[in-house]
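Spelled out, the chains give:
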Amino acid sequence: MTARPAVVSYQGNYAGSVSRFAAYAIDLTVSSAVFALALAAISYGVHIVTGHDVSWNRSSPVVVVLYVLWQFFYFGYSWAVSGRTFGMATLGIRVVRADGLVLEPRQGIVRALVFPLSFLLFGLGFLGILVQREHRALHDLIAGTAVIYSWDARAAHLRFLARQAELTPPP
Amino acid sequence: MEAIAQQVTERVVDLLVSALDVNELAARIDLNALLDRVDINRILKQVDLNALLDQVDVNAVLAQVDLKPLLDRVDVNDLVSQVDMDALVERTDLGAVIARSSGGMGTEALDALRSQAVGLDQFVDRWVQRLLRRKEPAPLAPPALLPAQAQP
């Protein structure tokens with residue numbers, strides 16, 4: 001057996017823009033789908049109980065407020081409890097404190113509260129993910145957080161080799 | 001007459017040997033000079049090592065070896081660090097064990113998705129650094145996570 005340098009693991013490194021954007025796209029899709037399902041379930045329930053049909057208008061202030069509250073709950077609760085949303089778990093990234101320690105629940109909630117600020121000025125707040133040295137967006141800087149890779153690339157590489165070895169017929 | 005001479009000679013030799021200090025005599029012998037004159041290779045050529053080893057009870061020898069102090073001197077971490085895990089997984093049944101025990105299609109898809117995303121992250125980051133003409137490398141991880149990383 002020969003010594004070879006270990007395959008680089010990115011675990012703990014600052015996560016890049018593509019991973020973060022993909023995670024957010026998944027979260028937006030999932031949270032919007034769950035919200036739409038919830039509205040449909042409410043409509044169905046009201047119809048069963050009262051016999052009246054309820055239709056939801058997307059531009060209705062009630063729906064907009066409910067959607068914003070739901071989004072805040074979805075992101076805020078996920079970050080406060082585990083430091084990651086469903087999309088972030090899928091992409092293997094996690095929110096931590098700026099110094100790298102585990103996120104405090106309060107910081108998770110603050111991050112969710114200031115998150116919309118990054119959308120202001122044509123989304124300039126997100127530019128930090130690209131150009132800031134620690135890939136921190138405006139809401140990260142305000143909440144004192146950072147996003148890191150939390151999956152083990154080394155383990156994934158070994159799993160890949162294992163699958164290859166299983167597929168290769170023995171000599 | 002001859003018998004008498006024989007008896008006298010034997011008696012003299014006995015007296016001489018008993019009077020000699022053999023240890024002192026041995027101490028005067030230069031063993032190194034003596035061994036220099038011995039052709040050890042020639043002797044070894046004549047020795048049938050296989051036959052010699054056949055007579056050795058290796059189990060009995062090993063039973064007398066105290067392995068603990070021997071193992072205490074072995075740096076296991078250094079030993080393990082020299083193991084090429086990639087080759088081990090590729091060439092042994094260990095790969096199949098890992099593949100069976102570490103999930104199926106879901107894990108495979110996640111590994112692929114995450115690897116692709118990391119590759120694109122790095123590609124984008126390289127171009128941004130180039131456009132911004134940054135020469136100093138950016139920190140790879142938050143301070144608390146840097147020492148925990150085997151490789152940055």
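Residues numbered from 1 in each chain as written. Chains lettered and ligands numbered in written order. Predicted model: local features only at pLDDT ≥ 70, side-chain atom pairs only at ≥ 80, totals over all residues.

A look at the overall build of chain A
The following threshold applies: Helix numbers and strand numbers start at the N terminus; a helix is a DSSP run of H or I with at least 4 residues, a strand a run of E with at least 2. We call a residue exposed when 12 or fewer other C-beta atoms sit within 10 Å of its C-beta, buried when the count reaches 20 or more, and partly exposed for counts in between; the C-beta positions come from the backbone. We call two residues in contact when the distance between their C-beta atoms, placed using the backbone, is within 7 Å.
Helix and strand counts for chain A come out as eight helices and two strands. Overall, chain A shows an N-to-C arrangement of helices and strands of α-α-α-β-α-α-α-α-β-α. Taken over 171 residues, chain A has a buried fraction of 36%. In chain A, of all internal contacts separated by at least 6 residues, the share reaching a separation of at least 24 is 66%.

Quick word on the pairing of strand β2 (residues 145-149) of chain A
Regular strands show a simple pattern: their side chains alternate between the two faces of the sheet. Residues and elements named next belong to chain A. What counts is decided by this rule: We treat two strands as partners when DSSP finds at least two bridges between them.
Summarising burial for β2: five of the five residues are buried, a large majority. Here β2 shows two buried faces, one formed by T145, V147 and Y149 and the other by A146 and I148. Both strand β1 (residues 93-97) and β2 contribute to a ladder of five bridges, which runs antiparallel. When the bridges of β2 are listed, R97 appears paired with T145.

Here we look at helix α4 (residues 105-114) of chain A
Residues and elements named next belong to chain A. Put simply, the rule is: It is the directions from the helix axis to the C-beta atoms whose arc is reported.
Within α4, the full set of buried residues consists of Q107, G108, R111 and A112. Along the long axis of α4, the arc covered by the buried residues comes to 140°, so they all point the same way. Here the buried face of α4 lies against α2 (61-82), β1, α7 (138-143) and β2.

Remarks on the packing of helix α1 (residues 17-50) of chain A against helix α11 (residues 105-131) of chain B
Basically, it comes down to this: Angles here are taken between N-to-C directions and fall from 0 to 180 degrees, while the axes themselves are lines fitted to C-alpha atoms, restricted in helices to the stretch in contact. Throughout, the term roughly parallel applies to angles under 35 degrees, roughly antiparallel to angles over 145, roughly perpendicular to angles from 65 to 115, and oblique to all others. Polar here means any residue other than Ala, Val, Leu, Ile, Met, Phe, Trp, Tyr, Cys and Pro, which are nonpolar, and Asp, Glu, Lys and Arg, which are charged; Gly is therefore polar.
Look at α1(A) against α11(B): their axes get within 6 Å of each other, and the N-to-C directions meet at 130°. In terms of orientation, α1(A) and α11(B) fall into the oblique class. Residues A:S17, A:V18, A:S19 and A:A22 of α1(A) pack against B:A117, B:V118, B:L120, B:D121 and B:V124 of α11(B). Looking at the contact of α1(A) with α11(B), its residues break down into six nonpolar, two polar and one charged.

Overview of the confidence of the model for chain A
Low pLDDT means the predicted atomic positions in that stretch should not be read closely. The cut-off we apply is this: Per residue, pLDDT captures the predictor's confidence, and it can take any value from 0 to 100.
The share of residues in chain A with pLDDT of 70 or more is 91%, and the mean pLDDT across the chain is 87. pLDDT under 50 marks residues 1-7 of chain A. Its contacts with residues more than four places away, or in other chains, come to 14 contacts.

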